[in-house]
Amino acid sequence: MKCAEYYLDNHKIEIHYSFFGKEIISINGNKISERRSAVKKPHRFSVGKNTYDIHSKLDIAGPSGRDYSIYKNGIQLSLVNFKSNNSKALLSLIVVLGVATGYTLGLFLYQRYPIDFEKLQLLLTAGL
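Below you will find a few notes about this structure. (Residues numbered from 1 in each chain as written. Predicted model: local features only at pLDDT ≥ 70, side-chain atom pairs only at ≥ 80, totals over all residues. Heavy atoms only, no water.)

**Overview of empty space enclosed by the protein**
This model, assessed by the stated rule, comprises one cavity of 30 Å³ or more. In this structure, the largest cavity encloses a volume near 40 Å³. In terms of lining, the largest cavity is formed by Leu8, Asp9, His11, Ile13, Ile27, Phe45, Val47 and Tyr52. Those elements giving two or more residues to the lining of the largest cavity turn out to be strand S2 (11-17) and strand S5 (43-47). For the lining of the largest cavity, a count of residues per class yields six nonpolar, one polar and one charged. (1 Å grid on protein atoms, 1.4 Å probe; cavity = no way out; pocket = protein on both sides within 12 Å on 5 of 7 lines; lining within 4 Å. Points joined across faces, edges and corners; volume = space filled by probe spheres on them. Helix = DSSP H or I, 4+ residues; strand = E, 2+ residues; numbered from the N terminus. Nonpolar A, V, L, I, M, F, W, Y, C, P; charged D, E, K, R; others polar.)

Written as structure tokens, this is what we have:
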């Protein structure tokens, strides 16, 4: 899954993230770095005379679930991610929290006001 796309010094930098936790950095379509995201070391590569470091961190509220910091010769750059920003991670988080809240509230109400299913069945059959 493509997480980020940056344009830097007439180069297209793409960051892909696999489901199994592997990050792949490519420049102009050529793979230059591959590392597991659990490793906290940055991706380091050189283009011409410049050395670049890409640091990644988990960002649950972000569009791709990951946040990247790019450094050029030790100086942090402020770049725009051109990948279309969709909020699947945020939507998933909201859905999971909503289901968990509803389940917890349902358990609480069921324990507080228990239902006698025999009485309920008699009331339903008597009403018909």
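Next comes the rest of the description.
**Let's talk about the sheet that holds strand S4 (residues 30-36)**
Backbone hydrogen bonds are what pair the strands of a sheet, in a parallel or an antiparallel way. The sheet built from four strands is open, its strands ordered S1-S2-S3-S4 with antiparallel pairing. Of all strands in the sheet, those with a lone pairing partner are strand S1 (2-8) and S4, marking the two edges. For this sheet, the mean inter-axis angle between neighbouring strands, taken without regard to orientation, is 15 degrees. (Pairing = 2+ DSSP bridges. Axes fitted to C-alpha atoms, helices over the stretch in contact; angles between N-to-C directions.)

**Topic: the nonpolar core**
Residues Tyr6, Ile13, Ile15, Ile25, Phe45, Ile54 and Tyr68 are the most contacted members of the largest nonpolar core, which totals 13 residues. Discounting residues that sit within four places of it in the chain, isoleucine 13 has contacts with Ala4, Glu5, Tyr6, Leu8, Ile25, Ser26, Ile27 and Ile54. (Core = buried A, V, L, I, M, F, W, Y, C linked by side-chain atoms within 4.5 Å. Buried < 20%, exposed > 50% of the residue type's maximum accessible area, 1.4 Å probe, protein only. Contact = heavy atoms within 4.5 Å.)

**Some remarks on the pairing of S2**
Both faces of the sheet carry side chains from a regular strand, because those side chains alternate between them. Pairing geometry for S1 and S2, over six bridges, is antiparallel. Paired with leucine 8 across the two strands is histidine 11, which belongs to S2. Hairpin geometry of S1 and S2 is characterised by an intervening segment of two residues between the two adjacent antiparallel strands and by a positive phi of about 50 degrees at aspartate 9. As paired strands, S2 and strand S3 (residues 22-27) are joined by five bridges and run antiparallel to one another. Looking at S3, one finds that tyrosine 17 is bridged to glutamate 23. Linking two consecutive strands that pair antiparallel, namely S2 and S3, is a turn of four residues; a positive phi of about 95 degrees is found at glycine 21 within it.

**Some remarks on the packing of aromatic side chains**
One pass over the structure, following the stated rule, counts one aromatic pair. Each ring, one from phenylalanine 45 and one from tyrosine 52, has its centre 5.6 Å from the other, and the planes form 25 degrees; the classification is stacked. Both residues of the pair, phenylalanine 45 and tyrosine 52, belong to the buried class. (Phe/Tyr/Trp six-rings, centres within 6.5 Å; stacked < 30°, edge-to-face > 60°.)

**Quick look at the side chain of glutamate 5**
As for its position among the elements, glutamate 5 is in strand S1. At 2.9 Å, the side chain of glutamate 5 forms a polar contact with the side chain of tyrosine 7. (Polar contact = N/O pair within 3.5 Å; in protein donor to acceptor, adjacent residues only side chain to side chain.)

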